[in-house]
Amino acid sequence: MPPGISTLAADAPELSAANTGFMLICSALVMLMTPGLAFFYGGMVRVKSTLNMLMMSFISLGIVTILWVLYGFSMAFGTDIGSIVGWSSDYVGLGNIGVTELWDGYTIPVYVFAVFQLMFAIITPALISGALADRVKFTAWALFITLWVTVVYFPVAHWVWGAGGWLFEMGVIDFAGGTAVHINAGAAALGVILVIGKRVGFKKDPMRPHSLPLVMLGAGLLWFGWFGFNAGSWLGNDDGVGAVMFVNTQVATAAAMLAWLIYEKIRHGAFTTLGAASGAVAGLVAITPSGGAVSPLGAIAVGAIAGLLCAMAVGLKFRFGYDDSLDVVGVHLVGGVIGSLLVGLFATGGVQSDVKGLFYGGGFDQLGKQAIGVFAVLAYSLVVSAVLAFVLDKTIGMRVDEDDEVSGIDQVEHAETAYDFSGAGGGTGSRKAAPVPADSVAAAAENKKVDA
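Caption draft 1: Quick peek at the confidence of the model for the protein. Considering every residue of the protein, the mean pLDDT works out to 92; 91% of them sit at 70 or more. Confidence drops under pLDDT 50 across residues 427-452; counting only partners more than four residues distant or on other chains, this segment forms six contacts.

Laid out in structure tokens, this is it:
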């Protein structure tokens, strides 16, 4: 060791170009998940709500990015205040951070960590939007995002991942966001829909997806981006943990998709494309908190259990009467709870940490910690989200008028429609159009009513 260099300085990590580049790629992958989610949700709604569904995700890219730079990163990952929230003036505006300043204990710059975590903050409120399809004013939604990330997401991210956060210090394992992202968003969705009520025609009118190819495209983009979401959460490639997480992400997603389809075939008699897409997302959700703690065989179990239970859970909205339009509660809340709790059963003690679950001789200790994390985040997000929705509903109003909802929220809120068929008839010359039988016109009009 050269004279004048302390042991601490010698052991301090140095910037790794490889890890930095890897994390920038992972950040881009996670960013892609929000447009992927927009397509996934956009294909699941009726034609008249397609653009609104896309915009409810895209607006999060704008709002949350600005808030994260101004104060969100400081609240989530700044110096701990009472184990509840963080704050560091150097992080406000991201203005007093050195270009090569490293995130504490890692080999990547603070800026890289900040932008990676930003993408998580963006997609979490976007997840909520699927439960609110067809009926929420766009202005109210934008304001809800602003308030929600400030009083719910930023503090919860500190609880779970921030140094000093009370769940982090307790030892709750959440590799990439089962509590902070999926339970948080799913509980928020339930809180809001209990306040704003059901869509017009819920359980009476057909509300089928208008474009299943769009749903499958969105699911594919989510699956692809989720490798960055999960594997990137180890913040580097030095010890192989991220590689295990990558493998487990693929394995659990495949198992969940198959389990969902098998249940669907037995229960409803068909293997549907919507079921395949939904099952895949359920597996992605469930492996998010647990994938760094379980083996690939454990990932199969996590995915299969999530696929089966989430497929069963999506029907609860009809039994209990809450209108979760696109099954955010059934997939993200239930899937997040399953994946988080199963850490307490399937953790091997040989991947991200030496913590073992019940099935590997670890007893009930970790399962208890996971349960505390699950239900603390669930309760806080549900209650605060319901309060925010109630206040907005009583002030500016959360819902569009009933007539506007029936006629189509795209035209009312965005002055656009997703598909323009005005030129679909072909022919541009003086050729006369063939006469259309009157009964065909009537049939087309009736079909248009049903589609709407």
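Caption draft 2: Region of interest: the pattern of salt bridges. On inspection of all chains with the given rule, the structure shows seven salt bridges. In this structure, the salt-bridge partner of Arg 199 is Asp 323, at a minimum N-O distance of 2.8 Å. Taken together, the residues Arg 199 in the loop between helix 7 (178-196) and helix 8 (212-231) and Asp 323 in the loop between helix 12 (316-320) and helix 13 (328-346) connect sequence positions 124 residues apart. One salt bridge in this structure joins Asp 327 and Lys 317, with 2.9 Å as the shortest N-O distance. Highlighted residues: Asp 327 in the loop between helix 12 and helix 13 and Lys 317 in helix 12, separated in sequence by ten residues. The pair Asp 327 / Lys 317 is uniform in exposure class, with both members buried.

Caption draft 3: The arrangement of the packing of aromatic side chains in detail. Counted under the stated rule, the structure contains 25 aromatic pairs. Measuring from centroid to centroid gives 4.9 Å for Phe 77 and Phe 113, while their planes differ by 80 degrees, and the two rings are edge-to-face. Of this pair, Phe 77 sits in helix 3 (residues 50-77) while Phe 113 sits in helix 4 (residues 110-128); the two residues are 36 residues apart in sequence, bridging distant segments of the chain. Owing to a relative accessible area of 7%, Phe 77 belongs among the buried residues under this scheme. Looking at Phe 113, the relative accessible area reads 4%, which means it is buried. Put simply, the rings of Trp 68, Tyr 71, Phe 73, Phe 77, Tyr 91, Trp 103, Phe 113, Tyr 153 and Phe 154 pair up and form one aromatic cluster.

Rules of the game
- Residues numbered from 1 in each chain as written.
- Predicted model: local features only at pLDDT ≥ 70, side-chain atom pairs only at ≥ 80, totals over all residues.
- Heavy atoms only, no water.
- pLDDT = per-residue confidence, 0-100.
- Contact = heavy atoms within 4.5 Å.
- Salt bridge = Lys/Arg side-chain N within 4 Å of Asp/Glu carboxyl O.
- Helix = DSSP H or I, 4+ residues; strand = E, 2+ residues; numbered from the N terminus.
- Buried < 20%, exposed > 50% of the residue type's maximum accessible area, 1.4 Å probe, protein only.
- Phe/Tyr/Trp six-rings, centres within 6.5 Å; stacked < 30°, edge-to-face > 60°.

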